[in-house]
Amino acid sequence: MRLNARKKEYIAKAMIWGAAMSVMIVLVAIILYILIRGLPVLSFSFLTQNPYNMGRSGGIASTIVGTIYITVVALLIAVPFGIGTAFYLAEYTRDSIITRIIRFSAESLAGIPSIIYGLFGYIFFVIYLGMGWSILAGGLTLAFMILPTIIRTSEEAIRAVPQIYRESSFSLGATKWQTIIKTVFPSAIQGIVNGVILSVGRCIAETAAVIFTAGSVLSMPTSIFDSTRTMAVHFFILASEGVSMQNAFGTAALLIILIFIINVGVNSLVNRFISKNQKR
Amino acid sequence: MENTQKKVKIKTKSVNLFYGTSHALGDINADIYENSITAVIGPSGCGKSTFLRLFNRMNDLIPGVTINGQVLLNYENVYAKDAYVVELRKKVGMVFQKPNIFPMSIRENIIIGPRHHGIKKKADLDIIVERSLKQAALWDEVKDNLNKPGLGLSAGEQQRLCIARALAIEPEVILFDESCSALDPESTMRIEDLMTELAKKYTIIIVTHNMEQAARVSHMSAFFMIDDEKIGRLVEYRPTGDMFSSPKDKRTEDYITGRYG
């Protein structure tokens, strides 16, 4: 049977629509499933109490603190280095062997599975540098892991700043540094922040790299030299060792909510900062 | 209006400019007079903008540019090895083709230049904001909205804000690179009036595609055109009145009477 063009058009449209819908359905299904099972567990005491009995009872307060701690350490290291590298690539060099090597390194780093970062962090930071399982070792490992994302998104954001802004700035007698700080950076900030948010999400959700480098101690960390258990690791252990599926889903629900809040919250902050000035 | 007796502000001596291997400007010799408006005219691709950008070294930003010869500002070569380009650009301001204000408030757009040069006190900056906006004939329209975003202004107002921004660094020379080509006739007239006013204090060089504009506002006119080897040449450079009434070169005549191309 031959299909006429009109029928083909209809079928194609239906298939494309179906593909888009199924993506949405999968996403919604996952989130709903976790929220339905996890939300009833969430309570004030679940958020504020430390875990007892290996996480069978009590809350997850120490894992929340550990997650924030390790993410902050990773960002403190990766953000300055990443943005610095991006500015170097975008503003200070023209295409050369060195920039190609730097870019190739960043791309390669981005393609490495996180468990390899974990193994490297374990061998280098935990054993060789003698940091032991600690927030510092975990944060450093995560910093390596998110560095390529930050470099790439920041470089793209910097390159997207219209050349005319740089010319105007130079024409006013600004130095290169003044041009970068006062003109290019404010225009690129949204793209840079997007990259950082993406990285925060990866830090919060990372399991393999963290379990190798920060360990899985459940008590409340008091310094960056303590071992800790992040929420993602806690979830992994609770679920994989069958400790408490209920608390595992509670942790997962909080993870999803946190990432959602960070995305929406930071984006609206940046938008407010930008729209204050850029409204047309 | 004759200006030949005026003081020479800028002098170019056998300037040649190459983009890579392509020869964009060939052997340019010209004197730019103080407190006058010099119009640079010619067909597209003749090197007008490149010529203009010699004076604030904007061509330096393009990879692969080589420049030889001398450009003297106040009898000092701006391409000398020890010349500091940032100092040069404080003396030579520029207004671009399209209004290119920064996505900031009106006030911030004006103070960004002075702040780069170390003026930090609010009182000093306030004086600069008011002075520059008054000079650019924009003060009355925006004095109550200084903290509003500059992008909220009309195109003509934005271009005058660009002029105010350039004036805020107290330059000696102001370059206009086809600065009216994106504007409506009324805004263009306002900016032309402004140029005439500013020429009393500053040296002004404009690049324009608009022959009437060159004839209306400028004292001197420089006609550029590419020769058979595609090298940009300064064909004729004379007081505007003389050039428009009795062009010496056949090519100038063809161009200003619209017979070119």
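All values derive from a computational prediction rather than experimental measurement.

### Observations concerning a nonpolar patch on the surface
Residues and elements named next belong to chain A. A cluster of nonpolar residues, Met 24, Leu 27, Val 28, Leu 32 and Ile 36, forms a patch on the protein surface that exposes about 480 Å² of accessible area. On the secondary structure map, Leu 32 appears in helix α1 (residues 5–38). Residue Leu 32 is classed as partly exposed on the basis of its relative accessible area, which comes to 44%.

### What about the packing of helix α3 (residues 106–116) of chain B against helix α4 (residues 122–135) of chain B?
All names here are of chain B. Where α3 meets α4, the closest approach of the two axes is 10 Å, and the angle between their N-to-C directions is 115°. Considering how the two elements wind past one another, α3 and α4 form a crossing that is right-handed. Counted together, Arg 107, Ile 110, Ile 111, Pro 114 and Arg 115 of α3 and Lys 122, Leu 125, Asp 126, Ile 128, Val 129, Ser 132 and Leu 133 of α4 form the full contact between these two elements. Partitioned by chemical class, the residues of the contact of α3 with α4 number 7 nonpolar, 1 polar and 4 charged.

### Points about the pairing of strand β2 (residues 22–33) of chain B
Residue and element names in this part refer to chain B. Across 8 bridges, strand β1 (residues 8–19) lies against β2 in antiparallel orientation. Of the residues in β2, the one forming a bridge with Lys 11 is Asp 31. Turn length for the β1-β2 hairpin, with the two strands adjacent in sequence and antiparallel, is 2 residues, and the turn residue Gly 20 shows positive phi of about 60°.

### Description of helix α7 (residues 163–171) of chain A
Burial runs high along α7 of chain A: 7 of the 9 residues are buried. Positive phi appears at Gly 173 of chain A, one or two residues downstream of α7 of chain A, with a value of about 80°.

### Here we look at the domain arrangement of chain A
All names here are of chain A. Once the domains are mapped, chain A shows domain 1 (2–41) and domain 2 (44–278). At the interface, 8 residues of domain 1 touch 10 residues of domain 2. For the pairing of domain 1 and domain 2, the buried interface totals around 740 Å² over both sides, and the portion due to carbon and sulfur atoms is 86%. The three residues of domain 1 that bury the most area against domain 2 are Ile 34, Arg 37 and Val 41, which together make up 63% of that side's buried surface. In this assembly, domain 1 and domain 2 are joined by 0 salt bridges. Summed over the shared surface of domain 1 and domain 2, the result is 0 residue pairs in polar contact (both at pLDDT 80 or more). A breakdown of the residues in the side of domain 1 that touches domain 2 according to their chemical character gives 6 nonpolar, 1 polar and 1 charged.

### As for the nonpolar core
In globular proteins that are soluble, nonpolar side chains generally tend to be buried together. One finds Leu 142 and Ile 158 of chain A to be the most contacted residues of the largest nonpolar core, which totals 56 residues. Contributions of two or more residues to this core are made by α3 (61–92), α5 (114–128), α6 (135–159), α8 (176–205), α9 (208–213), α10 (231–240) and α11 (245–278) of chain A. The biggest single contributor to this core is α6 of chain A, with 13 residues. Dropping the residues within four chain positions of it, Leu 142 of chain A is found in contact with Ile 70, Ala 74, Cys 203, Glu 206 and Val 210 of chain A. Ranked by size, the runner-up nonpolar core spans 47 residues in total, among them Trp 139, Leu 167, Met 225 and Val 235 of chain B.

### Comments concerning the packing of aromatic side chains
Using the criterion set out here, one finds 14 aromatic pairs over all chains in the structure. Relative to Phe 185 of chain A, the ring of Phe 87 of chain A has its centre 6.1 Å away and its plane inclined at 40°; by these criteria the two rings are tilted. With Phe 87 of chain A in helix α3 and Phe 185 of chain A in helix α8, the pair connects residues that are 98 residues apart, well separated along the chain. Exposure remark for Phe 87 of chain A: the relative accessible area of 9% places this residue in the buried category. Residue Phe 185 of chain A is classed as partly exposed on the basis of its relative accessible area, which comes to 27%. Residues Tyr 122 of chain A and Phe 212 of chain A carry aromatic rings whose centres are separated by 6.2 Å and whose planes lie at 55° to one another, so their mutual orientation is tilted. Of this pair, Tyr 122 of chain A sits in helix α5 while Phe 212 of chain A sits in helix α9, and the two are 90 residues apart along the sequence. Exposure remark for Phe 212 of chain A: the relative accessible area of 27% places this residue in the partly exposed category. Here the basic side chain of Lys 176 of chain A rests over the ring of Tyr 92 of chain A, its NZ or CZ set 5.0 Å away from the ring centre. Over the face of the ring belonging to Phe 102 of chain B we find Arg 165 of chain B, whose NZ or CZ atom lies 4.7 Å from the ring centre.

Cut-offs and rules
Numbers given for residues are sequential positions, taken from 1 along each chain in its written order. Whichever chain is written first becomes A and whichever ligand is written first becomes 1, with later ones labelled in order. Selection of residues for local features in this predicted model requires a pLDDT of at least 70, selection of side-chain atom pairs for listing and counting requires 80 or more, and totals for whole chains, interfaces and linings are taken over all residues. In computing side-chain properties, one takes all heavy atoms of the structure into account and sets aside hydrogens as well as water. Patch membership needs two things, relative accessible area over 30% and no salt bridge, and members are linked within 9 Å if like-charged or within 5 Å if nonpolar (Val, Leu, Ile, Met, Phe, Trp, Tyr). For accessible areas, the Shrake-Rupley method is used with a probe of radius 1.4 Å. Any residue's cover is judged against the shown protein chains and nothing else. The working definition used for a salt bridge is a side-chain nitrogen of Lys or Arg within 4 Å of a carboxyl oxygen of Asp or Glu. Secondary structure is summarised from DSSP: a helix means a run of H or I of at least four residues, a strand means a run of E of at least two, and numbering begins at the N terminus for each. When accessible area is computed with a 1.4 Å probe and restricted to protein chains, residues below 20% of their type maximum are described as buried, those above 50% as exposed, and intermediate ones as partly exposed. Every angle, taken between N-to-C directions, lies between 0 and 180 degrees, and every axis is a line fitted to C-alpha atoms, over only the stretch in contact when it is a helix. Each crossing gets its hand from how the near helix is turned against the far one by less than a right angle, where anticlockwise is left-handed and clockwise is right-handed. Whether two residues touch is decided by their heavy atoms; if any such pair falls within 4.5 Å, the residues are in contact. Under the scheme applied here, ten amino acids are nonpolar (Ala, Val, Leu, Ile, Met, Phe, Trp, Tyr, Cys and Pro), four are charged (Asp, Glu, Lys and Arg), and all others, including Gly, are polar. Two strands make a pair as long as DSSP finds a minimum of two bridges between them. Delimitation of the domains relies on an automatic or database domain assignment. Buried area counts how much accessible surface, traced with a 1.4 Å probe, disappears from two parts once they are put together, with both parts' losses summed. The term polar contact refers here to a pair of N or O atoms within 3.5 Å; inside protein, the definition further demands a hydrogen-donor-capable atom paired with an acceptor-capable atom, and it admits residues adjacent in sequence only when both atoms are side-chain atoms. To define a nonpolar core, start from buried Ala, Val, Leu, Ile, Met, Phe, Trp, Tyr and Cys residues and group those joined through side-chain atoms within 4.5 Å. Any two rings among Phe, Tyr and Trp, with Trp reduced to its six-membered ring, count as a pair given centres within 6.5 Å; such a pair is stacked if its planes are under 30 degrees apart, edge-to-face if over 60, and tilted if neither. Lysine and arginine charges are scored as sitting over a ring when NZ or CZ, respectively, is within 6 Å of the ring centre and within 35 degrees of the ring normal.

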